[in-house]
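Here is what each chain is made of, one letter per residue.
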Amino acid sequence: MSAMKIALVLAVALLALVSVAEAGVSFKSLNSSRTLTVQAKIQATNVTSGQAHVGTDHLVISWALNSSFDGTGKDARYVNVKIKLCYAPVSQTDRGWRKTKDDLEKDKTCSKGITQQKYVSTGNTTTWRITKDVPGAVYFVRVYAVDAVGTELAFGQTTDKTKTTNLIEIVPISGRHVSIDIAAAVFSVFSVGSLMGFLSLEAIKQRKANSKAGHFFRAAFTDIIRGHSVLREIKIIKSKC
Amino acid sequence: MAPQGENQTDADLTGEPGSSLHGVTGHEVFPFINMETVAEEPTDLKGRKFSLPVDSEHKAKKLKIYSFARPHMLTFHLSWISFMTCFFSTFAAPPLLPIIRENLNLTKKDIANAGIASVSGSIISRLLMGTICDLFGPRYGCAILLMATAPAVFCMSIVSSVDGFILVRFFISFALATFVSCQFWMSSMFNGQIVGLANGLAAGWGNAGGGITQLVMPLVYDLIAKGIGAESFTAWRLAFFLPGCMHIVMGLIVLAIGQDLPDGNYSSLKRSGDKVNDTFFKVLQYGVTNYRTWIFTITYGYCLGVELTVDNIIAQYFYDRFDINLKIAGTIGSTVGLMNIISRPAGGIISDMAARRFGMRGRLWSLWILQTIGGVLCIGLGLLGNLGPSVVVLVIFSTFMEAACGATFGIIPFISRRSLGVISGAVGAGGNAGSILTQVLFFQSSKYSTEKGIMLMGVMAIACTAVLFLVYFPQWGGMLCPPSKATEEDYYGGEWNEAERAKNLHRNSIKFAENSRTERGPSRQSQNSDSSPPTKV
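None of these values were measured; they are calculated from a predicted model.

Q: What's the story with the overall build of chain B in this structure? I'm lost.
A: The helix and strand tally for chain B stands at 24 helices and two strands. Here chain B holds 537 residues, and 59% of them are scored as buried. Sequence-distant contacts in chain B: of pairs separated by 6 or more residues, those separated by 24 or more amount to 78%. Just so you have it, chain B exposes about 20,300 Å², and 64% of that area is on carbon and sulfur atoms.

Q: Can you help me understand the overall build of chain A in this one?
A: Looking only at helices and strands, chain A features two helices and nine strands. In sequence order, chain A lays out its α and β elements as α-β-β-β-β-β-β-β-β-β-α. Per-residue burial over chain A gives 35% buried out of 241 residues. Across chain A, every contact between residues at least 6 apart in sequence was considered, and the portion connecting residues at least 24 apart equals 74%. Surface accessibility of chain A: about 13,800 Å² in total, with carbon and sulfur atoms responsible for 61%.

Q: Can you help me understand the interface of chain B and chain A in this one?
A: How big an interface is tends to be reported as the loss of accessible area on association of its parts. Contacts between chain B and chain A engage 55 residues on the former and 51 residues on the latter. Between chain B and chain A lies a buried interface of about 4,700 Å² when both sides are counted; carbon and sulfur atoms form 71% of it. Counting the contacts that link chain B with chain A gives two salt bridges. With a closest N to O distance of 2.5 Å, E102 of chain B and R98 of chain A form a salt bridge. The interface formed by chain B and chain A contains 11 residue pairs in polar contact (both at pLDDT 80 or more). Among the elements of the structure, helix 3 (97–103), helix 4 (108–136), helix 5 (138–155), helix 10 (232–239), helix 11 (241–257), helix 12 (266–272), helix 16 (326–338) and helix 19 (387–411) of chain B are those that each provide at least two residues to the side of chain B that touches chain A. With eight residues, helix 5 of chain B is the largest single contributor of residues to the side of chain B that touches chain A. Along the lines of polarity and charge, the residues of the side of chain B that touches chain A split into 34 nonpolar, 11 polar and 10 charged.

Q: Looking at this structure, I do not really get unusual backbone geometry. What am I missing?
A: What is expected of a backbone is that most residues other than glycine have negative phi and most peptide bonds are trans. Here the amide bond leading from R70 of chain B into P71 of chain B is cis, since omega sits at -10 degrees, within 30 degrees of zero. Inspection of the secondary structure assignment puts P71 of chain B in the loop between helix 1 (10–13) and helix 2 (72–90). If you check the backbone angles, N166 of chain A has positive phi at about 60 degrees while not being a glycine. Locating N166 of chain A in the fold gives a position in the loop between strand 8 (152–157) and strand 9 (168–171). N166 of chain A gets classed as partly exposed once you look at its relative accessible area, which sits at 33%. With a phi angle near 55 degrees, N105 of chain B is a residue other than glycine that sits in the positive phi range. By the secondary structure assignment, N105 of chain B is in the loop between helix 3 and helix 4.

Q: It is not clear to me how the environment of F171 of chain B should be interpreted in this structure. Could you clarify?
A: Inspection of the secondary structure assignment puts F171 of chain B in helix 6 (residues 162–172). Along the primary structure F171 of chain B and G121 of chain B are separated by 50 residues, whereas in three dimensions their C-alpha atoms are 6.2 Å apart.

Q: So what exactly am I meant to see when it comes to the UniProt feature "transmembrane region" (unreviewed entry) in chain A here?
A: Within this numbering scheme, the UniProt entry marks residues 182–201 of chain A as carrying the feature "transmembrane region" (unreviewed entry). Across residues 182–201 of chain A one finds 100% helix and 0% strand; the C-alpha atoms that close the span lie 28 Å apart.

Q: Would you mind going over the state of the cysteines with me for this structure?
A: As used here, a disulfide is simply a covalent bond connecting the sulfur atoms of two cysteines. Summed over the entire model, instances satisfying the criterion amount to one disulfide over all chains. Here C86 of chain A pairs with C110 of chain A through a disulfide, and the sulfurs are 2.0 Å apart. Between C86 of chain A and C110 of chain A the sulfur-sulfur dihedral comes to about 105 degrees; the bridge is accordingly right-handed. Taken together, the residues span a long stretch of sequence, with C86 of chain A in strand 4 (residues 80–87) and C110 of chain A in the loop between strand 4 and strand 5 (112–118) at a distance of 24 residues. Both residues of the pair, C86 of chain A and C110 of chain A, belong to the buried class. Free of any disulfide, C182 of chain B has its nearest neighbouring cysteine sulfur in C142 of chain B, separated by 8.0 Å. Cysteine C405 of chain B remains unbridged, with the sulfur of C303 of chain B as its closest cysteine sulfur at 3.1 Å. For C405 of chain B, a relative accessible area of 0% puts it in the buried group.

Q: What am I meant to see in the nonpolar core here?
A: All names here are of chain B. By size, the foremost hydrophobic cluster in this structure holds 109 residues, and its most contacted members are L63, F76, F190, F296, F318, L394 and F397. It is helix 19 that contributes the most residues to this core, 12 residues altogether. Those residues within four positions of F296 in sequence are excluded, and the remaining contacts are L364, L367, T408, I411, I412, I415, V427, L468 and V471. If you look at the next biggest cluster of nonpolar residues, it comprises 30 residues, including L97, A114, V220 and F240.

Q: Hey, could you run me through the packing of aromatic side chains in this one?
A: Aromatic ring pairs are described here by two measures, namely the spacing of the ring centres and the angle between the planes. Residue and element names in this part refer to chain B. The final tally for this structure, using the stated rule, is 32 aromatic pairs over all chains. The interplanar angle of 40 degrees and the centroid separation of 5.5 Å between the aromatic rings of F318 and F322 together place this pair among those described as tilted. You can see F318 and its partner F322 sitting in helix 15 (residues 304–322), four residues apart, about one turn around the helix. Residue classification places F318 among the buried positions, given a relative accessible area of 0%. Judged by its relative accessible area of 14%, F322 is buried. Relative to F512, the ring of F414 lies with its centre 6.1 Å away and its plane at 35 degrees, an arrangement referred to as tilted. One end of the pair, F414, is in the loop between helix 19 and helix 20 (420–443); the other, F512, is in helix 24 (residues 507–515), with 98 residues separating them in the sequence. Through successive ring pairs, a cluster of aromatic residues spans F83, F87, F91, F179, Y300 and F409. In this arrangement the basic side chain of R292 is found over the ring face of F473, its NZ or CZ atom lying 5.0 Å from the centre. Across the ring face of W496, the terminal group of R418 is positioned such that the distance to the ring centre comes to 3.7 Å.

Q: Explain the sheet that holds strand 1 (residues 36–42) of chain A to me, please; I cannot follow it from the model alone.
A: The strands making up a sheet are joined through hydrogen bonds of the backbone, oriented either antiparallel or parallel. Residues and elements named next belong to chain A. Reading across the sheet, the three strands line up as 1-3-6 and stay open at both edges, with antiparallel pairing between neighbours. Two strands bound the open sheet, and with one partner strand each, they are strand 1 and strand 6 (124–129). In this sheet, neighbouring strand axes are inclined to one another by 20 degrees on average, regardless of whether the strands run parallel or antiparallel. Strand direction decides the pairing type here: strand 3 (residues 58–65) and strand 6, joined by six bridges, are antiparallel. For L59, the partnering residue across the bridge sits in strand 6 and is W128.

Q: What should I look at first to understand a nonpolar patch on the surface in this one?
A: All names here are of chain A. A grouping of V178, I182, V186 and F187 is seen on the molecular surface, where their side chains present a nonpolar patch of about 370 Å² in accessible area. With respect to the element layout, V178 can be found in helix 2 (residues 178–240). A relative accessible area of 61% means that V178 is categorised as exposed.

Q: Mind showing me how you'd approach the pattern of salt bridges here?
A: Proximity of charged atoms lets side chains of opposite charge pair with each other. With the rule as written, the count across this model stands at 12 salt bridges over all chains. R176 of chain A serves as the salt-bridge partner of D181 of chain A, at 3.1 Å between the closest nitrogen and oxygen. Assessed through its relative accessible area of 25%, D181 of chain A is described here as partly exposed. Counted as one network, the salt bridges with shared partners bring together E488, E489, R517 and R520 of chain B.

Procedures and definitions
Residues numbered from 1 in each chain as written. Chains lettered and ligands numbered in written order. Predicted model: local features only at pLDDT ≥ 70, side-chain atom pairs only at ≥ 80, totals over all residues. Heavy atoms only, no water. Helix = DSSP H or I, 4+ residues; strand = E, 2+ residues; numbered from the N terminus. Buried < 20%, exposed > 50% of the residue type's maximum accessible area, 1.4 Å probe, protein only. Contact = heavy atoms within 4.5 Å. Areas by Shrake-Rupley, 256 points an atom, 1.4 Å probe, with all protein chains shown as cover. Buried area = accessible area lost by both parts, 1.4 Å probe. Salt bridge = Lys/Arg side-chain N within 4 Å of Asp/Glu carboxyl O. Polar contact = N/O pair within 3.5 Å; in protein donor to acceptor, adjacent residues only side chain to side chain. Nonpolar A, V, L, I, M, F, W, Y, C, P; charged D, E, K, R; others polar. UniProt positions renumbered as here; feature names shortened; annotations may be inferred. Disulfide = S-S within 2.5 Å. Core = buried A, V, L, I, M, F, W, Y, C linked by side-chain atoms within 4.5 Å. Phe/Tyr/Trp six-rings, centres within 6.5 Å; stacked < 30°, edge-to-face > 60°. Lys NZ or Arg CZ within 6 Å of the ring centre and 35° of its normal. Pairing = 2+ DSSP bridges. Axes fitted to C-alpha atoms, helices over the stretch in contact; angles between N-to-C directions. Patch = residues over 30% accessible without salt bridge, like charges linked within 9 Å, V, L, I, M, F, W, Y side chains within 5 Å.

The following block contains the structure:
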């Protein structure tokens, strides 16, 4: 049975995939390593929280090693930093695809990557134009310090532990264009219009055929009646003879 | 009209006045007098020979899949492609949901409501489509539905709010009523012995549209987003022009080259008197008062209903319970839809094979067995906790459930001849109602976990399938009871009252009754060996 074969192949493939996946770094383990200070400003207004518009506004993100960790050697293994845009809890409610999970491999909080930079203890700044595929939501910025293979070692974020302060609301594009609206209207009108046209054409043809048939039947009936009356007359004459 | 042999009487031979006019006009003028003789080669209204062997109603007795010959095979292909187009557009949104939910800021509840909306619109439209098919013909029904729902598909490109999204999915789902016109059309074109296969193939290949869309829409989106370089929030909107245009193209093709019956369209057949002009209330009355309609509405609610529910919840179930990639979960979901290509026709074939050996009783038993096994496997799916076995059980379970759907429509054409459309519509709507009921009972609130919900769905499926034991055809029997002395003519003729029978309005039902004698099973075929249609003057 080919259905069984397909099922078995699928099952083997899935089991293989599952065995390859590994657990990522636990976020809780990084709690003691909040060694970076991060600040994000909306360029136009120079404030750290408020509304930013997709496509036009820029975020200026600056990060550095927290001065209290200077010289402690905590940053010895930091190679790069990953800067990410993360959802605030208010934008995560009722949306399982943005869920925060402790396993960073499965965590969906910071799904939008902004950029990656080389780590220097004095820090760096980046200006990022908010791309048009960013959905409308409330965000904060988080920076992970990673080693050469990309494993997270430390982090810093623009907001506090409860993720309620310094949040940036990003206003998205709708994706609609006037040309799409017009095209949709034109196609819809064409669909309904050609349907009505077809149906009326068929109705007209029917009416013509019905009237032709009507004439035809009427003529045929009068023929029959005439024919029958002639027959009857001949029978009467025959019977009389 | 079939070419009419002439009943030559003595009067004609002696040259009575008027006799020489026979055949002069070339067009027979007595539509209300049914002078039928068995012609040597059955021909359609235009006198052309049918390319497939046909019965006395000119329904085909064979199915040639690679042929596009008019009228039977062409109708088959038009029918399944139209239905596939509608399934494609109804389920075009789910694979693009990761993008749509970000664009419209949807929550999980919004998505669930949109999912329920996407199977509720078709309840109303399937009921209406049944009566439209009975009164105006499946060609009009199918084409009008395709072209009237195209604007709804185009509206998906311009939604910008949650309510708009839910409304549009609701209106697009009206298109799923093409299922009724598809099954009705197949039952009008194909003889009872292969109607299970024809219905199963057409519906199965149509249902597969739900699986095809899960693979095609993401591809189209990628093409637009990367090929043209459109923004993601614009690309998904443009992608919806594909299903919209498919609607328009198929609608025009069906209108241009489709045909209601092997002998022509309803309008021309009504004019020539071969199709009886029926009334809405009569058709509705005989559909609604037949208790078998409601039994099959319930059982179909728990075979198609289960399939639709699984389509909606299974990707999320695998994603959440087994923590696999969303794309892989989506691919698993699409296989459930794609299995329809084989499993639904298989159900139809099993029904037809059972009928050949045991008659209608075989059809009823095969449906009960297929659906009950499906229910048992559903319970198993809910109880399993491992990924691999779950996938295997899912595939086998969906095969059995979809085969049960195919087997159901091997029986539906025999419940009524007069109200076939109304019954097909009611049963089809029942499928959707079953899905909504199941989703609301077991999957909407957090009372049950998803796996417990799946298990309870299986239990309910087994319970609802048991009502099949109540079905009884006087001329063929039921699952437990043998047939009585009644004949097929009594059963189908009984749908017309005395006055209608006096006017011979029931002649098509009588023809159907003769052809349906095969449902007696081989042991009783030799009884009542009237093989030629009676001549009525």
